[in-house]
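Each chain, written out:
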Amino acid sequence: PTSAHVSAVPQPERFRYTLDNDLLTTEQRQFYEDNGYLLIKKLVSDEDIERFRKEFMRICKKEVKPPGAMIMKDESLRSQYGQSEKAVNKVQDFQEDEELFRYCTLPEILKYVECFTGPNIMAMHTMLINKLPDSDNQTFLHPMHQDLHYFPFRPASRIVCSWTAMERADQDNGCLIVQPGTHKTPLQPHGYPKWEGKTNKLFHGLLDEDEKTPRVHLVMEKGDTVFFHPLLIHGSGINKTSGFRKSISCHFASSECYYIDVKNTTQEHLEKELVEMVREKYNMTYVALRDIWNFRARLVQGERINL
C-alpha cells in the first residue's frame, strides 16, 4: 500500500517540498517546509540495526566483498589495525550487498520517502558511516555542506536523504549538525576545507560558510531516523569518545528525476575528481558521470523512468 500520491491539485503556495499523503501530519509537513528536515523517533528496529552492524563487521573482516562498494579507511590507522572496525570509517555504495541494501527497502522507511519523492523510488547513494574516535593527525569532522553538490540530477525537491542512527548520536560522538531553513538557498560552491592535513577524500565543504547561521545538533537515539532535503546545509562534529558512532543512510530520488550536465557549473571539479577515481579503480579509459550514477542507482519501488 502506498502512503503518498501526487495531488491532482497542486498547492504551490502551501507545500513545496512534500507531496500530498496520508502519513505526515500538517504540522510535520510544515516543519519540513520551514526547516528542511524531519526527525522520526524509533523508526528502525533494534533487530534490523544489529543485522546491519554484523554485516559491516563482516565487510571489515573481508568475509564479504560487495561489488562496487568503496571501503574508506583512515590511512593513518591502517598500518596499526589493517582493515578493521578501528580503521574503516565508511562503506559507500553498498547497493550490491543484499543485507545492507535491505535498509533501502524497509517499508517503514519507504512510506516516509514516498511523501517526498512520489511512488517511483530509486536508491541513488548508500552509506554506512563508522565515525572513528578522533586522533591527533586525522579528524573525522565532516565540514558543512549540501548533498546536492554531489548529485547530477534534479529536481532537488524530489530527492531526500534517510539517515538512521545505529546507536545514540550526540555532541560527544559527533552527531549531525543542521542549519534549519537553508534548503531554501541555492547550491553553493564547495571544495576542500583549508585544514592542514585533515581532509578526507571527497569530503567537500562550503567554501564560503556563514558562521552566524543558527545550527541545531540532532541528538538521536538508536533507530531514530531523520529525513532531509539535499540543499539543507549540514555536517557532523568530531567523535570525542573512545567508541564508534555508526549510522546508515540512503539518498532516495524519484525515478522521474533527470540527469543534468554539470559542465561550467560549481559541480564540474567534483565530476573530474570522481571520474578520475573510478577510472583508476577499475582501470577504465573512459567513464561518464552518468555511467557512475547508473551503476549506483537501484530501483526500490514503482518503475524506473529516467534515472
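An account of the accompanying structure is given in this report. Nothing here was measured: the structure is a model prediction, and the numbers come from that model. Here the residue index of a chain counts from 1 through its sequence in written order. Per-residue local features are limited, in this predicted model, to residues with pLDDT of at least 70; the limit for side-chain atom pairs, both in listing and counting, is 80 or more; totals at the level of whole chains, interfaces and linings are taken over all residues. Excluded from the side-chain calculation are hydrogens and water; included are all heavy atoms of the structure.

On to the nonpolar core, then. Throughout, nonpolar core names a set of buried Ala, Val, Leu, Ile, Met, Phe, Trp, Tyr and Cys residues whose side chains join them through atoms within 4.5 Å. For the exposure calls, accessible area comes from a 1.4 Å probe over protein chains only, and a residue counts as buried if that area is under 20% of its type's maximum, exposed if over 50%, partly exposed in between. In this structure, Tyr 103, Cys 104, Ile 109, Phe 227 and Phe 252 are the most contacted members of the largest nonpolar core, which totals 38 residues. Think of it this way: any DSSP run of H or I at least four residues long counts as a helix, any run of E at least two long counts as a strand, and we number them from the N terminus. Listed by contribution, the elements that provide at least two residues to this core are β1 (37-40), α2 (46-60), β3 (88-92), α4 (98-105), α5 (107-117), β4 (121-131) and β14 (245-254). Residue contributions to this core peak at 6 residues, all from α5. Listed in part, the 23 residues of the second largest apolar core include Ala 253, Tyr 259, Val 262 and Ala 297.

Within a sheet, neighbouring strands are paired by backbone hydrogen bonds and run either parallel or antiparallel to one another. Two strands make a pair as long as DSSP finds a minimum of two bridges between them. Taking strand neighbours across the sheet as the criterion, the 4 strands line up as β5-β13-β8-β11 in an open arrangement whose pairing is antiparallel. The sheet is open, and its two edges are formed by β5 (142-145) and β11 (216-217), each paired on a single side. Here strand β8 (residues 176-178) pairs with strand β13 (residues 234-236) via 3 bridges, running antiparallel. Paired with Ile 177 across the two strands is Gly 235, which belongs to β13.

Each patch is built from residues that are more than 30% exposed by relative accessible area and take part in no salt bridge. Like charges join if they lie within 9 Å; nonpolar side chains (Val, Leu, Ile, Met, Phe, Trp, Tyr) join within 5 Å. Using a 1.4 Å probe, accessible areas were evaluated by the Shrake-Rupley method; residue-level cover was limited to the displayed protein chains. What counts as a salt bridge is simple: a side-chain nitrogen of Lys or Arg found within 4 Å of a carboxyl oxygen of Asp or Glu. Together, Tyr 282, Met 284 and Phe 295 give the surface a local cluster of nonpolar side chains, amounting to about 290 Å² of exposed area. Relative to the elements of secondary structure, Phe 295 occurs in helix α7 (residues 289-296). Of the residues examined, Phe 295 reaches a relative accessible area of 43% and is grouped as partly exposed.

The next thing to look at is the environment of Cys 257. Among the structural elements, Cys 257 can be located in the loop between β14 and β15 (258-259). Sequence separation of Cys 257 and Arg 158 is 99 residues, and the distance between their C-alpha atoms is 7.2 Å. Residue contacts are defined here by distance: any two heavy atoms, one from each residue, within 4.5 Å place the two residues in contact. Residue contacts for Cys 257: discarding those within four places in its chain leaves Arg 154, Pro 155, Arg 158, Ile 159, Asn 306 and Leu 307.

Quick look at the packing of α2 against α4 now. Inter-axis angles, ranging from 0 to 180 degrees, are taken between N-to-C directions of lines fitted to C-alpha atoms, where helices are fitted over the stretch in contact. Contact geometry for α2 and α4: axes closest at 9 Å, N-to-C directions at 145°. Of the two possible hands of crossing, α2 and α4 adopt the one that is left-handed. Note on element contacts: α4 touches α2 through Glu 99, Leu 100, Arg 102 and Tyr 103, opposite Asp 48, Arg 51, Phe 52, Glu 55 and Ile 59. Just so you know the grouping, Ala, Val, Leu, Ile, Met, Phe, Trp, Tyr, Cys and Pro go in nonpolar, Asp, Glu, Lys and Arg go in charged, and all remaining residues, Gly too, go in polar. For the contact of α2 with α4, the per-class residue count stands at 4 nonpolar, no polar and 5 charged. Each crossing is labelled by how the near helix is turned from the far one, with a counterclockwise turn of less than a right angle marking it left-handed and a clockwise turn marking it right-handed.

This part is about the packing of helix α6 (residues 268-282) against α7. Running from N to C, α6 and α7 point in directions that differ by 65°, and their axes come no closer than 10 Å. Considering their axes alone, α6 and α7 lie roughly perpendicular with respect to each other. The interaxial crossing formed by α6 with α7 has left-handed handedness. Residue-level contacts link Glu 271, Leu 274, Val 275 and Val 278 of α6 to Leu 289, Ile 292 and Arg 296 of α7. Grouping the amino acids of the contact of α6 with α7 by side-chain chemistry returns 5 nonpolar, no polar and 2 charged. Put simply, angles under 35 degrees are roughly parallel, angles over 145 are roughly antiparallel, angles from 65 to 115 are roughly perpendicular, and the rest are oblique.

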